[in-house]
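Reading the structure
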Amino acid sequence: MIKLGAHMKISKGFKKVPEDTVNIGGNTFQIFTHSPRTWNMKQPSEREVDEFKLNMNKFNIDFEDVLVHSSYLINLASPKDDIWEKSINTMVEEIKATDKLGIFYYNFHPGSHLGMGEEFGIEKIIEALDIIFKELVHTKVTVLLENVAKKGGNIGYSMEQLGAIINASEFKNRLGITFDTCHGFDSNYDIRNKEGVLKLFDDIEKNVGLEKLKMIHLNDSKYDLGAGKDRHEFIGKGYIGTKGFANFLSFDEVCKLPLLLETPGDDEEHAEDIKVVKEILKNIGKL
Ligand code: MN
Ligand code: MN
Ligand code: ZN
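Below you will find a few notes about this structure. Remember, it's a predicted structure, so these values are computed and weren't measured experimentally. (Residues numbered from 1 in each chain as written. Chains lettered and ligands numbered in written order. Predicted model: local features only at pLDDT ≥ 70, side-chain atom pairs only at ≥ 80, totals over all residues. Heavy atoms only, no water.)

**Observations concerning the overall build of the protein**
Condition: Under the DSSP-based scheme used, a helix requires at least four consecutive residues in state H or I and a strand at least two consecutive residues in state E, with every element numbered from the N terminus. Radius of gyration: C-alpha atoms only; globule rule: 2.2 Å multiplied by the number of residues to the exponent 0.38. Burial here depends on accessible area, computed with a 1.4 Å probe over protein chains only, as a share of the maximum for the residue type. Under 20% is buried, over 50% is exposed, and the range in between is partly exposed. Should any heavy atoms of two residues lie within 4.5 Å, those residues are considered in contact. Per-residue and other accessible areas follow the Shrake-Rupley method at a 1.4 Å probe size, with only the shown protein chains counted as cover for residues.
Looking only at helices and strands, the protein features 10 helices and 12 strands. Computed over C-alpha atoms, the radius of gyration of the protein comes to 18 Å, within 12% of the 19 Å expected from 2.2 N^0.38 for 287 residues, which places it in the range of a compact globule. Looking at the protein as a whole, 55% of its 287 residues qualify as buried. Restricting the contact set of the protein to residue pairs at least 6 apart, pairs at least 24 apart contribute 75%. Carbon and sulfur atoms make up 48% of the accessible area of the protein, which amounts to about 12600 Å² in all.

**Some details on the coordination of the zinc ion (ligand 3)**
To keep it simple, the criterion reads: Here the coordinating atoms are restricted to nitrogen, oxygen and sulfur within 2.8 Å of the metal centre, or 3.2 Å for Na, K and Ca, and because water is not among them the sites may look incomplete.
The coordination sphere of the zinc ion (ligand 3) contains the protein donors His-183 (NE2), Asp-230 (OD) and His-232 (NE2), at a distance range of 1.9 to 2.0 Å. Of note, the donors binding the zinc ion (ligand 3) are all from one chain and are spaced H-x46-D-x1-H. If you look at the zinc ion (ligand 3) and the manganese ion (ligand 1), they sit 5.9 Å from each other. Here Asp-230 lies in the loop between strand 10 (220-221) and strand 11 (232-233) and His-183 lies in helix 6 (residues 181-186), a separation of 47 residues in the sequence. What makes His-183 buried here is its relative accessible area of 2%. By relative accessible area, which is 25% here, Asp-230 ends up partly exposed.

**Re the coordination of the manganese ion (ligand 2)**
Distances from the manganese ion (ligand 2) to its protein donors, namely Glu-146 (OE), Asp-180 (OD), His-217 (ND1) and Glu-262 (OE), fall within the range 2.1 to 2.3 Å. Read in sequence order, the donor residues coordinating the manganese ion (ligand 2) give the pattern E-x33-D-x36-H-x44-E. A separation of 3.2 Å is found between the manganese ion (ligand 2) and the manganese ion (ligand 1), which are bridged by Glu-146. Taken together, the residues span a long stretch of sequence, with Asp-180 in strand 8 (residues 175-180) and Glu-262 in the loop between strand 12 (259-261) and helix 10 (267-283) at a distance of 82 residues. The pair formed by Asp-180 and Glu-262 is uniform in burial state, with each residue classed as buried.

**Observations regarding the packing of aromatic side chains**
The condition is simple: A pair of Phe, Tyr and Trp rings is counted when the ring centres sit within 6.5 Å of each other, with Trp represented by its six-membered ring. The angle between the planes then sorts it: under 30 degrees is stacked, over 60 is edge-to-face, the rest tilted. Only when the NZ atom of a Lys or the CZ atom of an Arg is both within 6 Å of the ring centre and within 35 degrees of the ring normal do we say a charge sits over the ring.
Counted by the stated rule, this structure contains 8 aromatic pairs. Seen from their ring centres, Phe-14 and Phe-52 are 6.3 Å apart, and the 70° between their planes marks the pair as edge-to-face. Here Phe-14, found in the loop between strand 1 (4-7) and helix 1 (17-23), pairs with Phe-52, found in helix 2 (residues 46-58); they are 38 residues apart in sequence, far enough to count as distant. Across this residue pair, the class does not change: Phe-14 and Phe-52 are buried. A ring pair is formed by Phe-29 and Phe-52, whose centres lie 6.3 Å apart and whose planes are at 80°; its orientation type is edge-to-face. In this pair, Phe-29 sits in strand 2 (residues 28-31) while Phe-52 sits in helix 2, placing the two residues 23 residues apart along the sequence. Here the two residues Phe-29 and Phe-52 agree in accessibility, since each one is buried. Here the aromatic cluster, defined as three or more aromatic residues joined through ring pairs, consists of Phe-14, Phe-29, Phe-52 and Phe-63. A cation over an aromatic ring shows up here: Lys-124 above the ring of Trp-84, its NZ or CZ 4.1 Å from the ring centre. The ring of Phe-104 carries Lys-140 above its face, with NZ or CZ at 5.5 Å from the centroid.

Quick look at the structure:
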């Protein structure tokens, strides 16, 4: 079965998300645990958790297919001690909330070294993750590093960098990766053709292990291959295009994973994108 959905708002509470998801034609989703532009968050109450879980079952959504995305302020590579510590603390709280909600996966951008160099940034991230997992020995949430676009000192634009972090972690078995198609395209992973996808798989296998790839962020790109701009586009309207996605989704390694849209707009636009993806899947015999 294809698992397909989008990033959903939590403004009407966690409990509304499963129903909203079904209404846009999805069967999985991604959410934040709180406003992504703030450090502070409060844990969901027992009641919020119960109502959410009830609706997950009512609307037939699998907890394993759902993803929590970290907030935007978190930077585990920050050279500023106060930001680095706040990032660790907020991430611990967000992962605790993920666990409370019964969700299995939590996704974050590895971080930005802000000019201090990649080696510095990678060391900070490894150190931060060790601290975070030591605080979270009783949760079983898997933490996914997302590949990002190469800009602004970002770490994690190549599988080699994601692998350098994961393989050096004391908690390697708690870590995995999300592949974002727009960010990957920004980093020259040309998923529009077969050779490009095979090269991507090779790169993942060599550096991380293909079994660690758990989620797909399905985004088209407003800019051409290798641009490094990180501008998401509606599916089929960008440089990856309908044919490009038809190629990418024809691989079982891809279409067996949850496919999560982070394309522009809201529920209405996402419903349209879901239709486009389903049409592509039908055309290649996957739906
Ligand atoms: Mn992201
Ligand atoms: Mn993404
Ligand atoms: Zn992006």
